[in-house]
Amino acid sequence: MEIEFHEGISEVVATTRNDQPNAAPVGIINRDFLYTLLYKESHTFLNVKKNLELVANFVLDPLLYVQTAFEDLDSSFFRSDESAPVLKAAYAWVEFKCLILEKPTQKSALVKLLPVRSVVLQRPIVSINRAFCAILEATIDATRYVALKDPKYLERAAHYETVVRKCGGKRELEAFQLLKGYFV
Ligand SMILES: Cc1cc2nc3c(=O)[nH]c(=O)nc-3n(C[C@H](O)[C@H](O)[C@H](O)COP(=O)(O)O)c2cc1C
């Protein structure tokens, strides 16, 4: 495969479909084999269960991680020239066939990912940016805060905001602004 997944966990925006395409950030785990752990209540998992298909979109826009973690994207965000659901914002993507390993007592299911096709449109040379990483961390915390209301997530948000303000650009600031609405 032309695309390599980092050993450990790579954050992507996963797209799946039912009647409508769906997008949500998920971690692709590379430890001996490729898999993801999906909350069984998520639309992503329910769609995978139905179609055994998931696309990992490589996306660099921080705002999209925030939007897709909490909101549904309308169909204008998806490519119309692909049979699989693919984001217009993706500069590369991998289509996977899925094999579900589900234990009834657990909240998440292990979904084994078998690459079918990978596409690279362009290879942006992107420098490492702490604000982008801070947005990812803060977005994960925000999804947990919404679910659990544990104040520790609120406390950490202040640190991520400092990093975003110091190291980010307009898009990271916009993403954090949107995120703040979920920390209430
Ligand atoms: C960076 C990031 C990584 C995430 N990784 C996962 C994951 O691996 N598995 C999962 O079930 N949810 C993960 N989430 C949370 C889901 O994106 C979130 O629950 C989302 O609302 C699910 O949307 P859906 O119901 O449309 O599938 C992650 C969130 C973020 C911000």
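Going by the structure above, here's the rest.
Residues numbered from 1 in each chain as written. Predicted model: local features only at pLDDT ≥ 70, side-chain atom pairs only at ≥ 80, totals over all residues.

**Q** An account of the site of the ligand is requested, with residue identities and associated values reported.
**A** Surveying the vicinity of the ligand reveals 19 residues, the closest of which are Ala24, Pro25, Ser42, His43 and Thr44. Elements that contribute at least two residues to the shell around the ligand include exactly β2 (21-31), β3 (33-39), α1 (43-51), α2 (62-70) and α3 (130-148). It is β2 that contributes the most residues to the shell around the ligand, 5 residues altogether. Grouping the amino acids of the shell around the ligand by side-chain chemistry returns 10 nonpolar, 8 polar and 1 charged. Split by domain, the shell around the ligand shows at least three residues from each of two domains, domain 1 (8-120) and domain 2 (130-180). (Near = placed C-beta within 6 Å. Helix = DSSP H or I, 4+ residues; strand = E, 2+ residues; numbered from the N terminus. Nonpolar A, V, L, I, M, F, W, Y, C, P; charged D, E, K, R; others polar. Domains from an automatic or database assignment.)

**Q** Could you give me a rundown of the sheet that holds strand β4 (residues 53-58), with the residues and numbers involved?
**A** In spatial order, the strands read β1-β2-β3-β6-β5-β4; together these 6 strands close into a barrel with antiparallel pairing. On average, each strand axis in the sheet is tilted by 45° relative to the strand beside it, whichever way the strands run. Pairing analysis gives 10 bridges linking strand β5 (residues 92-101) to strand β6 (residues 108-120), with the strands arranged antiparallel. If you follow Cys98 over to β6, its bridge partner there is Leu113. (Pairing = 2+ DSSP bridges. Axes fitted to C-alpha atoms, helices over the stretch in contact; angles between N-to-C directions.)

**Q** Give a description of the pairing of β5 that names residues and reports values.
**A** Residues in a regular strand point their side chains to alternate faces of the sheet. In this structure, β4 lies alongside β5, joined through 6 bridges in antiparallel fashion. Its bridge partner being in β5, Ala56 is matched across the sheet by Val94. Between β5 and β6, which follow one another and run antiparallel, lie 6 residues.

**Q** Give a detailed account of the environment of Phe176, specifying residues and quantitative values.
**A** As for its position among the elements, Phe176 is in helix α5 (residues 170-180). Overall, Phe176 belongs to the buried group, with 24 C-beta atoms counted inside 10 Å. As for Phe176 and Arg165, which are separated by 11 residues in sequence, their C-alpha atoms are 9.3 Å apart. Sequence-distant contacts of Phe176, defined by excluding residues within four places in its chain, comprise Ile135, Ala138, Glu161 and Val164. (Buried ≥ 20, exposed ≤ 12 C-beta atoms within 10 Å, placed from the backbone. Contact = placed C-beta atoms within 7 Å.)

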